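Take a look at the letters that make up each chain.
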Amino acid sequence: MLSGKKILLVITGSIAAYKTPILVRLLIKKGAEVKVVMTPAAMDFVSRLTLSTLTKSPVLVNLFDEETWANHVMLGRWADIMLIAPLSCNTLSKMATGQCDNLVMATYLSATCPVVAAPAMDEDMWHHPATRSNLELVRKHGCQLMEVSYGELASGLIGQGRMAEPEEIVSWLENYFTSAQILAGKKVLITAGPTYEPLDPVRFIGNYSSGKMGYALAEAFAAKGAAVHLVSGPVSIKTEVPGIQLTSVQTAAEMLEACQNYKEYDIAVMAAAVADYTPVTVASEKIKKTGDDLSLPLKRTADILGYLGKEKRDHQLLVGFALETTNEKEYARKKLTDKKADLIVMNSLRDEGAGFGVDTNKATLFYKDGREVPLELQTKQALAKTLVDSIIDLLL
C-alpha cells in the first residue's frame, strides 16, 4: 500500500534518530518516495549524508538557506503524509504552541497533508503533565500519534518512551493508507457556508457562516477516497484537494437545485447555514431611505434537509447540522426525527470556541437509535475527521 506514496520524514533531536536510516530503507523498499527534513539537533544523532544517499534527495535542515527558503510550503503540499520520527519532547512543545524557529516547524505549520508522529523520550518526560498536555493539544490540532514502546531507554531506565520500531511504523503507514481508501467508490454530497437572500442589487439577508466546517468535511471525505460534490454558499476560503467537485451558489433555492440529484449519492452531509427566510420580492434598484421604518415581507426558503429526508433511500445516509441557542438537545432530537436524518451534529453558540467564524468547534452527535455522543472542543479539521469516522461506522 506504500507504492507511489510520497512520505515526508521529519527527524528531530532524539537518540532514536539513529533508527531512521533503517526506516527510510524499509519505506523505499515498499515503493514509497521519501524526502527528509531534519532539525539541527537531529544531526548529532544521524548523518545527513547517509539519509540523502538513501533517499537520493537533498536533506533539508536550515530554514534560511537560499535553497530551502520556499520548501517549507512546497513539501507540505507535495507529501501524502508527514511522518515525524522521532518526535522529541522539545519539538512536541513547539508543535503544541505553534512556535516557528526552524525549517521543521515552518514545514509542519504550513503542511496541508496529514501528520503523524512517533514520539521518543525518557519515561519521566513522557509522563510529565506538561508533556501529556502537549500531546493532547497536538491531537486536537489534527496530528495523529503512534504509541510509544516499553523497553530500555537511553538513560538506562526501563519504561515507556521508546519510539516505535521502524517495522511498526511502516505497518502503521500501510494500515493508514489502506483505511484511507475505505470510501473509494462512494459519492458524497456536502453543503457548506451561508446562503445570501437578495433584497436589492446591493443588499442581502445572510449569516456569519464561514464555510470552514463544510470544507473541512469535504477534504476529510476526499482523504478517505470518496468522490465529493461540495455545494458552497458565498465564502472566502478555497480547497485544492483532488476529488472535490465544487459548485458555488448564492441562495437557498440555488443550493436546493444543486442538490436535486441526491439519489446519485451514498452520503449527504448538510453543513450549510441556510437562511430560513427570503424576501417575497427583490427590488430591481437599490432601496432608498424613505422613512423611519421599512417593512420587508419574507417567505420561507426551501427546507433542503427535509427535502432530502423525503427522497432518501435505504442505502443512503443523511446527516444534518443544528446550531442552537436554547433547548439545544430538544431541537436536535426533533430535527433528527422530522427531517428523517440518520445523524444530527449539534453545535451550541453557548460553547466557547464553537459556532461561526472560528477555527474550532464543539459538537454533540444525535443518532436514530437514541445515542447521544458529546465531542470535545477541537479544530474543525480534527472534528471533520471524527465525523467522517462516525459516518463510516454507520455504513459498516
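So, here is what we can say about the structure in this document. Fair warning: this is a prediction, and the values are worked out from it, not measured in the lab.

### Thoughts on the pattern of salt bridges
If the charged atoms of two oppositely charged side chains come close together, the side chains can form a pair.
For step 1, the next point in the chain: With the rule as written, the count across this model stands at 17 salt bridges.
For step 2, the next point in the chain: Across the pair Asp101 and Lys94 runs a salt bridge whose closest N-O atoms are separated by 2.9 Å.
For step 3, the next point in the chain: Relative accessible area serves as the criterion here: at 46%, Asp101 is assigned to the partly exposed category.
For step 4, the next point in the chain: Between Glu311 and Lys263 there is a salt bridge, and its shortest N-O distance comes to 3.8 Å. Within this pair, whereas Glu311 is found in helix H11 (residues 304-311), its partner Lys263 is found in the loop between helix H10 (252-258) and strand S13 (267-270), the two being separated by 48 residues in sequence.
For step 5, the next point in the chain: Judged by relative accessible area, which is 22%, Glu311 ranks as partly exposed.

### Some details on the pairing of strand S11 (residues 227-232)
For step 1, the next point in the chain: A large share of S11 lies buried, amounting to five of its six residues.
For step 2, the next point in the chain: Sheet topology note: the strand S8 (residues 187-192)/S11 ladder contains six bridges and is parallel. Across the sheet, Ala192 pairs through a bridge with Ser232, a residue of S11.
For step 3, the next point in the chain: Here S11 runs beside strand S12 (residues 244-248); their pairing, made up of five bridges, is parallel. Bridging from a neighbouring strand, Leu230 pairs with Leu246 of S12.

### Re the nonpolar core
For step 1, the next point in the chain: Residues Ile190, Leu217, Phe221, Val228, Val269 and Leu387 are the most contacted members of the largest nonpolar core, which totals 34 residues.
For step 2, the next point in the chain: Broken down by element, the residue count for this core peaks at eight residues, all from helix H9 (residues 212-223).
For step 3, the next point in the chain: If near-sequence neighbours (up to four positions away) are discounted, Leu217 is found in contact with Ile190, Val269, Ala271, Phe321, Ala384, Leu387 and Val388.
For step 4, the next point in the chain: One finds Ala17, Leu27, Met146 and Val170 within the second-largest nonpolar core, a separate group that totals 32 residues.

### Notes on the sheet that holds strand S5 (residues 144-145)
For step 1, the next point in the chain: On the basis of which strands lie adjacent, the open sheet formed by five strands has the order S2-S1-S3-S4-S5 and parallel pairing. Looking along the sheet, the strands with just one partner apiece sit at the ends: strand S2 (33-38) and S5.
For step 2, the next point in the chain: Two strands pair when backbone bridges link them, and strand S3 (residues 81-87) and strand S4 (residues 115-119) are joined in this way by four bridges, in the parallel orientation. In the strand pairing of S4, Leu83 is matched with Val116.
For step 3, the next point in the chain: Relative to strand S1 (residues 6-11), helix H1 (residues 20-29) is tilted by about 180 degrees, and along the sheet it contacts S1, S2 and S3.
For step 4, the next point in the chain: Lying on the sheet, helix H5 (residues 103-110) is in contact with S1, S2, S3 and S4; it crosses S2 at an angle near 125 degrees.

### A few points about helix H2 (residues 48-55)
For step 1, the next point in the chain: The set of residues buried in H2 consists of Leu51, Ser52 and Thr55. Across the axial projection of H2, the buried residues extend over an arc of 95 degrees, all falling on one side. Within H2, the exposed residues directed more than 90 degrees away from the buried face are Leu49 and Thr53.
For step 2, the next point in the chain: Those residues of H2 hidden inside the fold are in contact with S1, H1 and S2.

### What to know about the pairing of strand S6 (residues 149-152)
For step 1, the next point in the chain: Relative to strand S7 (residues 158-162), S6 is paired through four bridges, and the arrangement is antiparallel. Counterpart to Glu152 in the pairing with S7 is Ile158.
For step 2, the next point in the chain: As consecutive antiparallel partners, S6 and S7 are separated by five residues, and within that stretch Gly156 has a phi angle of approximately 100 degrees, a positive value.

### Some points on the packing of aromatic side chains
For step 1, the next point in the chain: All chains considered together, the criterion is met by three aromatic pairs.
For step 2, the next point in the chain: Taking 5.6 Å as the distance between ring centres and 5 degrees as the angle between the ring planes, the aromatic pair formed by Trp172 and Tyr176 counts as stacked. With Trp172 and Tyr176 both in helix H8 (residues 166-180) and four residues apart, this pair spans about one turn of that helix.
For step 3, the next point in the chain: Aromatic side chains Tyr196 and Phe204 sit 3.8 Å apart centroid to centroid with 15 degrees between the ring planes, which places their arrangement in the stacked category.
For step 4, the next point in the chain: Since its relative accessible area comes to 43%, Phe204 is described here as partly exposed.
For step 5, the next point in the chain: Ring-pair connections join several aromatic residues into one group, and the members of that group are Trp172, Tyr176 and Phe177.
For step 6, the next point in the chain: The side chain of Arg371 reaches across the aromatic face of Tyr367, ending 3.8 Å from its centre.

What counts, and where the lines are drawn
- Counting from 1, residues in each chain are numbered in the order their sequence is written.
- Owing to the predicted nature of the model, reporting of local features is limited to residues with pLDDT of at least 70; listing and counting of side-chain atom pairs is limited to 80 or more, with chain, interface and lining totals taken over all residues.
- With hydrogens and water excluded, all non-hydrogen atoms of the structure serve as input to the side-chain values.
- Whenever Lys or Arg places a side-chain nitrogen within 4 Å of a carboxyl oxygen from Asp or Glu, that contact is recorded as a salt bridge.
- Burial classes: relative accessible area under 20% of the type maximum marks a residue as buried, over 50% as exposed, and values in between as partly exposed (1.4 Å probe, protein chains only).
- Secondary structure elements follow DSSP: runs of H or I of four or more residues count as helices, runs of E of two or more count as strands, with numbering from the N terminus.
- The pairing criterion for strands is at least two bridges between them, as found by DSSP.
- Nonpolar core, defined: a set of buried Ala, Val, Leu, Ile, Met, Phe, Trp, Tyr and Cys residues in which side-chain atoms within 4.5 Å join the residues together.
- Residues are treated as being in contact if the distance between any of their heavy atoms lies within 4.5 Å.
- A fitted line through C-alpha atoms serves as each axis, taken over the contacting stretch for helices, and the angle formed by two N-to-C directions is quoted from 0 to 180°.
- For this quantity, the arc is that covered by the directions from the helix axis to the C-beta atoms.
- Centres within 6.5 Å make a pair out of two Phe, Tyr or Trp rings, where for Trp the six-membered ring is used; the pair is then stacked when the planes are under 30 degrees apart, edge-to-face when over 60, and tilted otherwise.
- Each ring is checked for a lysine NZ or an arginine CZ that lies within 6 Å of its centre and within 35 degrees of its normal; such an atom marks a charge sitting over the ring.

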